[in-house]
Every structure is written in structure tokens, then in C-alpha cells.
Amino acid sequence: MKKVVASGLMILLVVVLGYGQNYIKPVAAMPDYNGTYEGRPNTGSARFTTLYRDNQDNGRTSSCRGEGCGRHPGVDIAVSSGTSVRTPLSGQVTASRCDSGWGGLVVIRSQHPERPWETVRQVFAHLRSRSYANGVAVRVGDYVSAGTTIGQSGGHPKLDSCAGNSTGSHLHYQIDKDDANQGPYFPSSGQLHHRDDNFLVTARTYNPIVLLQGGYTWAFSQNNNRELWDLFNWQSWGVSGDALWMDGGHDPHIRRGGLTHCAVRWMCSSSFAVEADTYKSVYLDLYNGCSAYNAKLYFTTSAEPYWSESKTIPYFPPAIGQFRGTIYAGWHPKWTGIITGLRVDPSESCSPWNFDPTYFGEIAIRR
Ligand SMILES: [Zn+2]
């Protein structure tokens with residue numbers, strides 16, 4: 001019985017793979033990076049240094065430290081030099097050069113993911129190489145589709161060529177609002193370390209994480225990578241066959257929205273940042289082996305970052321079997337602001353003495 005269920009599910013999951021993978025992360029191998037919203041203080045993780053509108057001098061000039069304080073217009077994703085960098089959005093290359101400040105720079109002109117009439121520019125900086133996976137150089141005028149490798153990260157001032165103005169290995173990723181024929185936006189050095197009280201940076205750029213994370217699909221396509229979902233009330237679990245599976249007991253569930261299972265050498269952040277106004281639905285593809293009733297979604301927001309019954313959305317999977325569907329969340333009065341966490345309860349109870357796991361195939365927050 002167990003094997004029949006598993007192989008049947010795998011066939012179903014193979015069919016849906018690729019569907020709904022609207023965006024990818026700039027650094028594909030990275031489990032995740034943390035979200036901030038318009039420089040909102042204390043919503044990010046300093047360990048991850050993906051701060052948007054952070055002061056680069058640690059607040060010495062502005063006497064304000066952390067997110068929302070400064071004029072850094074992108075996110076710095078701390079990764080080892082040589083990490084493959086992919087473009088999350090399709091577009092046309094408008095710059096590919098070694099720049100004294102930006103280092104290895106690639107700029108891609110793309111459509112705003114929600115507003116196709118609006119143009120944005122993705123900026124990738126401090127790349128130590130600007131070439132596709134096949135070794136061909138990235139050139140101005142090239143068209144690239146989402147997911148294409150456009151280079152390798154760099155930024156180490158001694159070990160990487162064309163590191164630019166960088167003190168360590170990282171990818172600087174930025175999304176400019178279209179500004180006609182000007183180059184990538186960066187505040188003048190005199191302004192850089194000042195507070196951004198007048199929202200200069202917000203006027204010229206988008207927070208890349210908030211813009212892209214809503215459409216990201218957690219697909220569990222890599223063995224042993226549960227994409228930082230935390231599991232509760234489980235007896236055993238694993239990631240294989242394009243699914244996260246969990247054999248649970250009473251009230252098994254998975255969730256994201258905290259900082260658990262992290263360690264100094266294992267950088268992670270299990271919270272995310274999605275604009276509720278734009279992303280109003282949750283897509284689930286799961287196979288429930290448990291007796292299922294009381295299936296629910298819980299969510300947290302930046303305004304109410306705790307789990308509570310007041311922020312739940314029921315959904316209705318079959319008693320035992322597959323549920324694949326889009327659950328509309330926009331009706332919920334508390335689905336507002338920035339959604340920071342999600343919990344998937346597939347059933348109230350499994351049979352502790354049986355192997356009756358739930359398989360999670362894909363989870364996404366969508367428009
Ligand atoms: Zn940066």
C-alpha cells in the first residue's frame with residue numbers, strides 16, 4: 001500500500017513540475033534569504049545580510065543602524081565566490097562590463113512581474129564572471145529567459161577579478177524602477193551613509209525580495225532539501241521523489257515563519273515577505289495519507305507575527321487522497337500588509353502505528 005501510494009504520487013508530481021515556477025531566486029543553490037519590507041526595521045536577519053535600505057557604515061554617519069536607516073538600494077546576498085547566479089526574470093541585457101564600483105556588472109531590462117506594462121532593471125554586481133553556463137560571454141543585447149545562469153558571484157577584494165567596491169564575497173542584487181537611459185541607480189557617495197527619511201531609495205528601486213518572493217514556488221525537487229519548512233508532530237519525514245513527506249501523529253503540520261533549524265554555518269531564514277495586496281492565494285499540491293478533516297492554513301503577518309486561530313483559512317482535501325488547488329486568502333480580514341509565515345495543516349490526526357504520510361508537492365503564494 002505504501003509503495004503504491006508513493007509511486008502514484010510521484011507520477012502526479014512529475015506532471016505538475018515546472019508549472020507555476022514563475023520566479024527563481026537569484027542564487028539558485030541557496031535555501032532562502034530573508035525578507036525586509038521598505039526598510040522596515042527588525043524584519044530581516046543581519047546574519048544573512050540581505051538588508052535593503054541598510055546603512056553601509058553601520059550607522060556611523062546617520063546614528064541609525066539596520067534596515068530602513070540607509071540608502072543601500074539592493075540586497076547583499078552573502079554567498080561564496082563562484083556561486084552560479086541566475087536571473088529570476090526574463091529580459092534583455094543592457095549592460096555587461098567590469099565597472100570600478102559595481103565590479104562585474106550585468107543589467108537586465110525586464111517586465112515588472114505583476115505589471116507587464118512596467119519596465120524594471122535587474123542589477124547583478126560584483127560578478128567575477130559574466131558568462132552563461134556554456135561559457136559564452138553575456139553581451140549587451142542578448143535575450144535571457146528566467147532561470148538562465150548569467151555569471152558567477154564574486155566580490156572578494158583579493159581573490160576575485162573585478163570585485164569592485166566590495167569587502168567580501170557576496171552578490172549585490174537590485175531592481176531599479178525604470179529610469180529611462182540612466183545606468184543602475186546608486187546614491188552619490190555623499191548621500192550613501194545617510195538616513196533615507198525621504199524614501200529616495202524606495203522611489204527609485206523595489207525591494208527585490210518582496211517583489212519576487214510572492215511568486216516563488218517551493219517545489220521540494222532536491223533530495224533532502226525541505227526548503228526550510230519546519231515540521232511538527234511527525235514520526236518520520238524526508239524529501240525525495242519531488243515531495244516532502246511526513247508521517248505524522250496528532251495534528252501534524254509544516255510551517256515557515258521563524259528562525260528555527262539555523263546554525264552559524266548553516267545560514268537560513270525561514271520567514272519570507274509577500275505583499276498581501278498582490279498575492280491573495282495559496283497554491284497547494286499535496287497527497288494526504290492521513291484521515292483528513294480540519295484541514296487549515298495558518299498565516300502570520302508583519303503586524304501580527306504570531307500564530308493564532310484568528311488567522312486561519314480552511315480548505316477541504318479529500319479524506320485520503322490528493323488535493324491540488326488554489327485557496328483564496330484575500331477574503332480574510334487579517335490577510336493584509338506583509339505576509340511573513342504560512343502553516344499547512346493537512347489533517348487533524350494520522351494513525352501513529354501506520355505509515356500513512358502526507359506528501360507535499362508544491363506550495364506557492366500567488367496572485
Ligand atoms: Zn550591496
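Refer to the preceding data block for the structure.
Analysis parameters
- Every residue gets a number counted from 1 within its own chain, in the order that chain's sequence is written.
- Local features in this predicted model are restricted to residues of pLDDT 70 or higher, and side-chain atom pairs are both shown and tallied only at a pLDDT of 80 or more, whereas totals for entire chains, interfaces and linings draw on every residue.
- In computing side-chain values, all of the structure's heavy atoms are included and hydrogens and water are not.
- By the criteria applied, helices consist of DSSP H or I runs no shorter than four residues and strands consist of E runs no shorter than two, each listed in order from the N terminus.
- Think of it in three bands: with a 1.4 Å probe and only protein chains considered, a residue is buried below 20% of the maximum accessible area for its type, exposed above 50%, and partly exposed in between.
- Contacts were defined at the residue level, with two residues in contact if any of their heavy atoms lie within 4.5 Å.
- Here the Shrake-Rupley method, with its probe set to 1.4 Å, supplies the accessible areas, and only the displayed protein chains count as covering residues.
- Count a disulfide wherever a pair of cysteine sulfur atoms falls within 2.5 Å.
- Strands are labelled as partners when DSSP assigns at least two bridges between them.
- Listed donor atoms are N, O and S within 2.8 Å of the metal (Na, K and Ca: 3.2 Å). As water is not included, a site may look incomplete.
- The definition of a nonpolar core used throughout is a set of buried Ala, Val, Leu, Ile, Met, Phe, Trp, Tyr and Cys residues joined through side-chain atoms within 4.5 Å.
- Domain boundaries shown here were taken from an automatic or database domain assignment.
- Polar contact criterion, stated in full: a pair of N or O atoms within 3.5 Å, where within protein one must be able to donate a hydrogen and the other to accept it, and residues adjacent in sequence count only if both atoms are side-chain atoms.

Moving on, we get to the overall build of the chain. When its secondary structure is counted, the chain shows four helices and 19 strands. The buried share of the chain, taken over its 367 residues, is 55%. Sequence separation of at least 24 residues holds for 67% of the intrachain contacts in the chain that already meet a minimum separation of 6. Within the structure as shown, the chain displays about 15700 Å² of accessible surface, and the carbon and sulfur contribution to it stands at 51%.

Our next topic: the state of the cysteines. Note on terminology: a disulfide is the covalent bond linking the sulfur atoms of two cysteines. Taken as a whole and assessed by the stated rule, the structure comprises three disulfides. Two residues, C98 and C162, share a disulfide whose sulfurs are 2.0 Å apart. Disulfide C98 to C162: torsion about the S-S bond roughly 115°, handedness right-handed. Of this pair, C98 sits in strand β3 (residues 91-99) while C162 sits in the loop between β7 (149-153) and β8 (171-177), and the two are 64 residues apart along the sequence. The exposure class assigned to C98 is partly exposed, which follows from its relative accessible area of 49%.

The next subject is the pairing of strand β11 (residues 230-240). The pairing of β11 with strand β12 (residues 243-256) spans nine bridges and is classified as antiparallel. By the bridge assignment, G238 is partnered in β12 with W245. As consecutive antiparallel partners, β11 and β12 are separated by two residues, and within that stretch G241 has a phi angle of approximately 60°, a positive value.

Taken together, H72 (NE2), D76 (OD) and H172 (ND1) make up the full set of protein donors to the zinc ion, lying 1.9 to 2.2 Å away. Each donor residue of the zinc ion lies on the same chain, and together they follow the pattern H-x3-D-x95-H. Within this pair, whereas D76 is found in strand β1 (residues 75-77), its partner H172 is found in strand β8, the two being separated by 96 residues in sequence. Exposure remark for H172: the relative accessible area of 3% places this residue in the buried category.

The next thing to look at is the nonpolar core. Ranked by size, the top nonpolar core spans 60 residues in total, and within it I150, L284 and V344 carry the most contacts. There are two domains that each give this core at least three residues, and those are domain 1 (2-20 + 215-366) and domain 2 (46-201). In terms of nonpolar packing, the next biggest core, distinct from the first, is built from six residues, A95, V107, V123 and A125 among them.

Attention shifts here to unusual backbone geometry. Although it is not a glycine, S63 adopts a positive phi angle of roughly 55°. The exposed category is assigned to S63, whose relative accessible area is 66%.

Among the eight residues in strand β18 (residues 338-345), eight count as buried, and that is most of the element. Summarising the sheet, β12 and β18 pair through three bridges and their orientation is antiparallel. Each residue of the ladder has a partner; that of I254, found in β18, is V344. Here strand β13 (residues 274-275) runs beside β18; their pairing, made up of two bridges, is antiparallel. Each bridged residue has a counterpart across the sheet, and for E275 the counterpart in β18 is I338. In this structure, strand β15 (residues 296-301) lies alongside β18, joined through six bridges in antiparallel fashion. Paired with K296 across the bridge in β18 is D345.

Here H253 shows up in strand β12. Those residues in contact with H253, other than ones at most four positions away along the chain, are D230, L231, F232, N233, M246, R343, V344, D345 and P346.

Attention now moves to the side chain of N288. Within the fold, N288 resides in strand β14 (residues 281-288). Judged by its relative accessible area of 0%, N288 falls in the buried class. Of note is the side chain of N288, whose polar atom sits 3.1 Å from the backbone nitrogen of C290. Of the polar contacts made by the side chain of N288, one reaches the side chain of T358; its length is 2.7 Å. Excluding its chain neighbours within four sequence positions, the residues that come into contact with N288 are A319, I320, G321, P346, S347, P357 and T358.

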